[in-house]
Amino acid sequence: MEKLKKFRDPVYGYIEIEESIVHNIVDTAVFQRLRNIRQTSYAPLYPSSLHNRFVHSLGVYHLGCLAFNAISRSLQESKEQEIRILEDLNSLCKDKFSRYEALFKLACLLHDVGHSPFSHTGENFYINSKSKARIISEEEIEKYQKKIAETTNPEEKEKLEINFEEAKKYSIYKHLAYLTNDPVFRTAVSYDAAAHEIMSCIVALENWGHDEQYFQNDAERSFFARCITGILYEEAANLPKTAHMKMCDEDSYKIREKMLLNCMIQLLHSSVIDVDRLDYIIRDSSTMGYQSVSVDYKRLLSGLEIVLVDEYNFTVGFHKNAISVIENAVYAHDNEKKWVQNHPAILYDSFLLQQAIFHIENEMKLNYPESQSTLFSYDSLTSEGSNFSLPCSNASQMHIRYLGDADLIYLMKNQFPSIYSEEYFSRNTRRLPVWKSEAEFMNLFDEGERKTILHALEEILGTEDSLEIEDKTIESIYTDIESSRHGYSNRVEVYRKKLSYVKELLNLCDKYGIKRNIALLSKSFFKSNFSKEDMRNYPILFPGNKATSLLKDVSPTLFSEQIGEGKLVYLFYYPGDNREKINTPRFAHDLLPLLKKVSRP
C-alpha cells in the first residue's frame, strides 16, 4: 500500500492523500495556484472568510473518499442480498471498478483546479475567452483542407471555408470536447455546466490527461470530466421497462454500468447533496463564523446507498438513518444562500469587481488587439502564460501566469484603474441599498405593489442583470429610440417606457438630495432546496421494504413555498453628506406612484 501524506485540516482533522498524487499533482504550481484564489466572496460581510480553493479541494477529496467507500460497500451488500440487477456489476470490482474509483477521487481533487479569481465573479469571462491551445486535430484539419481543395463549386467551397474557420475558432467547450473526444461537451452549456467546471476539466486534462498512471483512454477522460461538470450518461438515465426488455445481455450490462457511473457522478456533482456542496457549507460556516446548523457529514456519507428505482433501474440514495442529517444539510445550504450569498453588500461587491474586470478586459483588448489570449483564459492559468504585446512589437508588454486574485488586484490598482476599482478599494464611498433584504422588500410592498415595482425595474434592466442609471442613460435611450425608428416599431415603445421610468427614478433622487446615479442589481428570489423536485424525490432506503420511499413522503419538513417569482431587484444609491441614509419606507412610498404612473397604458 502506498504511503500517505497527511494534511492538517481545521474541519476534518487530518486529510490523507497518496504521496505520489501529492508530488505529481498537489505540489505543482498549477494546483498551488488555488492558494491564491479566495473560496468565497463573503469578506465584505464576514471579514474572516479568507479560506481558499486549495483547502476546499482537499476537503472535497476527503469527503469523496468517504462517499465512494459507502457506495462500494452498498454494492457489495447488494451481492450478498442477491439483488438481480446489481449482481453481475460486482464483477467490476475485479477490473474496472478500481479505475473508476481512482478517476472519481482525482475529479474530487481537481474539480476547481481551473477556477477563476474572486470566487464566481470572474468565471463567466472564460466563456468568450481566446487561447493558443489546440482544439482541432491534425486529422480534422487535413479533412477540411482536402474537401476544400477538391470542391469546384464556388458556393460550396465558400461554405466549407467558413465552416473550417468556425471549427478553428476557440471556445472552452470545443477545447474540452477535443481533450475528451466526447462531443457532449460541445453543448455542455445546455447541461448547466459552469464555466469554471469546464475550465477545471481543461486544466486537469492538459496537465495530466496523457499520463497513463491517471488516464488510459478517452472514455476515462470523459468520465472524469462528467464527474466535474455533472453531465450524466443520458442513455442510462431512467430508461423505460420496454427499452430494457429489448436489450441483449451485453447491452443490458453496458447500460447498468453507465447507471453506476451516473451514481458516482452525482456524488461529486448533483442538484441535491454532493461532496462539493457539503464541504463548502461546513467549511464556510466554520471559517467565517456564521452560526448555522451542525451537519454530521460522517453519518450522512455513511448512509449513501445504491437504491433500486424499479426492477430495471437504480440510482444513488440514502439509508433512512441519514434523514435527519439530510434536513440539516439542506437547512445549512439554504441559510447560506439566503442570508449570505444574496446579501446586498456581497452582491454589490461582486458588481464592482465585475465592472472593474470588464474595464480591464476592454482596455487590454484595445491596447493589445493582436494578442492570441485573453486575460481570463486557459493560457493565463499555465506556466507559459498569456503574452500581451503592442501592435508591431515583438516584445511582451505584459505577461500573466497562474492567474490569481492578487493579479487582478494589481491590475485594478496600477495598470487599469477605474471608478469601479476605486469604489471597490474605498468602502466609505460605496452606494447603499434601498431595501436590504428580500424580507424587507416583502414588508415594504403588498403583492400587487411588488408586481408593479418589479415589472418596472425589469423593463429598465431588459436582458441585463445589472445596470447603472444616470443622466448618460437618458442620452443612450434616446439613441436607441432613433435607431429603432428604422427597424422594429414595437421597440420604440419599449424604449420610450424605459426612458420614462429612468427619468422618474432620477427625479426621485433630486427630491431626496442624493446623486443622480442609481445601480440596479437583480437576483432570483430565494428558492429553498426543499422545494426542488430532485430533492423531494430523493430515494430513501428502508431495509426490509421492497419499495423505495421518496424523501417528500417520509420528511414533512420538505414543504417549502417560494414567496416570489422571477427576480428581486435591488436599488443602490450614493448617500448624501456624512453618509446619511434615506428614509426607506418614505422612499418606497414615493417610488410606487411614480412607477405606476408610467406603467399605465
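The structure contained in this document is the topic of the report that follows. (Residues numbered from 1 in each chain as written. Predicted model: local features only at pLDDT ≥ 70, side-chain atom pairs only at ≥ 80, totals over all residues. Heavy atoms only, no water.)

Helix and strand counts for the protein stand at 25 helices and twelve strands. A globule of 601 residues ought to have a C-alpha radius of gyration of about 25 Å, and the protein, at 27 Å, matches this closely. Expressed as lengths along the three principal axes of its C-alpha atoms, the size of the protein is roughly 75 × 65 × 50 Å. Evaluated residue by residue, the protein yields a buried proportion of 52% over its 601 residues. Put simply, of all contacts in the protein between residues at least 6 apart along the chain, 71% involve residues at least 24 apart. When the accessible surface of the protein is summed, it comes to about 28,800 Å², and 48% of that surface belongs to carbon and sulfur atoms. (Helix = DSSP H or I, 4+ residues; strand = E, 2+ residues; numbered from the N terminus. Rg over C-alpha atoms; globule rule 2.2 N^0.38 Å. Buried < 20%, exposed > 50% of the residue type's maximum accessible area, 1.4 Å probe, protein only. Contact = heavy atoms within 4.5 Å. Areas by Shrake-Rupley, 256 points an atom, 1.4 Å probe, with all protein chains shown as cover.)

With that settled, the discussion passes to unusual backbone geometry. Although it is not a glycine, phenylalanine 118 adopts a positive phi angle of roughly 55°. Along the chain, phenylalanine 118 turns up in the loop between helix 5 (96-110) and helix 6 (138-150). What makes phenylalanine 118 buried here is its relative accessible area of 11%. Phi is positive for asparagine 181, which is not a glycine, with a value near 55°. For asparagine 181, the position within the fold is in the loop between helix 8 (172-180) and helix 9 (195-208).

Now for the pairing of strand 9 (residues 518-524). Where burial is concerned, most of strand 9 is hidden: five out of the seven residues are buried. Two elements, strand 8 (residues 466-469) and strand 9, share four bridges in a ladder whose sense is antiparallel. Note that in strand 9 the partner of serine 466 across the bridge is leucine 521. Two elements, strand 9 and strand 12 (residues 567-573), share seven bridges in a ladder whose sense is antiparallel. Bridging from a neighbouring strand, leucine 520 pairs with leucine 571 of strand 12. (Pairing = 2+ DSSP bridges.)

Across the sheet, four strands lie side by side as 3-4-10-11; this open sheet has mixed pairing. Two strands close off the open sheet at either side, each with one partner strand: strand 3 (304-308) and strand 11 (549-550). Sheet analysis places strand 4 (residues 314-319) next to strand 10 (residues 539-541), joined by two bridges and oriented parallel. Among the inter-strand pairings, phenylalanine 318 is bridged to a residue of strand 10, identified as isoleucine 540. Where helix 12 (residues 249-268) meets the sheet, its contacts fall on strand 3 and strand 4, and the angle it forms with strand 4 comes to roughly 40°. (Axes fitted to C-alpha atoms, helices over the stretch in contact; angles between N-to-C directions.)

What follows covers the packing of helix 8 against helix 10 (residues 218-229). Put simply, helix 8 and helix 10 touch, their axes get as near as 8 Å, and they point 140° apart. On the basis of the axis angle, helix 8 is oblique to helix 10. Together, Leu176, Leu179 and Thr180 of helix 8 and Asp218, Arg221, Ser222 and Ala225 of helix 10 make up the contact between the two elements. For the contact of helix 8 with helix 10, a count of residues per class yields three nonpolar, two polar and two charged. (Parallel < 35°, antiparallel > 145°, perpendicular 65-115°, else oblique. Nonpolar A, V, L, I, M, F, W, Y, C, P; charged D, E, K, R; others polar.)

Here we take up the pairing of strand 3. Looking along a regular strand, one sees side chains alternate from face to face of the sheet. Among the five residues in strand 3, four count as buried, and that is most of the element. Of the strand pairs in this sheet, strand 3 and strand 4 are connected by five bridges, and their pairing is antiparallel. Bridge pairing in strand 4 links valine 307 to threonine 315. Taking the residues that link successive antiparallel strands as the turn, the strand 3-strand 4 hairpin has five residues.

Once that is clear, we can look at the nonpolar core. Counting 177 residues, the largest nonpolar core has Phe31, Trp435 and Leu571 as the members making the most contacts within it. Examining the composition of this core, we find that eleven residues originate from one element, helix 3 (residues 53-80), more than from any other. (Core = buried A, V, L, I, M, F, W, Y, C linked by side-chain atoms within 4.5 Å.)

This next bit is on empty space enclosed by the protein. Under the definition given, this model contains two cavities of 30 Å³ or more. Computed from the structure, the largest cavity encloses a volume of approximately 70 Å³. Around the largest cavity, the lining residues are Ala67, Gln266, Leu267, Ile273, Asp274, Val275, Leu301, Leu304, Val316, Phe318 and Tyr538. Elements that contribute at least two residues to the lining of the largest cavity include exactly helix 12 and strand 4. Looking at the lining of the largest cavity, its residues break down into nine nonpolar, one polar and one charged. In this structure, the second largest cavity spans a volume of roughly 60 Å³. (1 Å grid on protein atoms, 1.4 Å probe; cavity = no way out; pocket = protein on both sides within 12 Å on 5 of 7 lines; lining within 4 Å. Points joined across faces, edges and corners; volume = space filled by probe spheres on them.)

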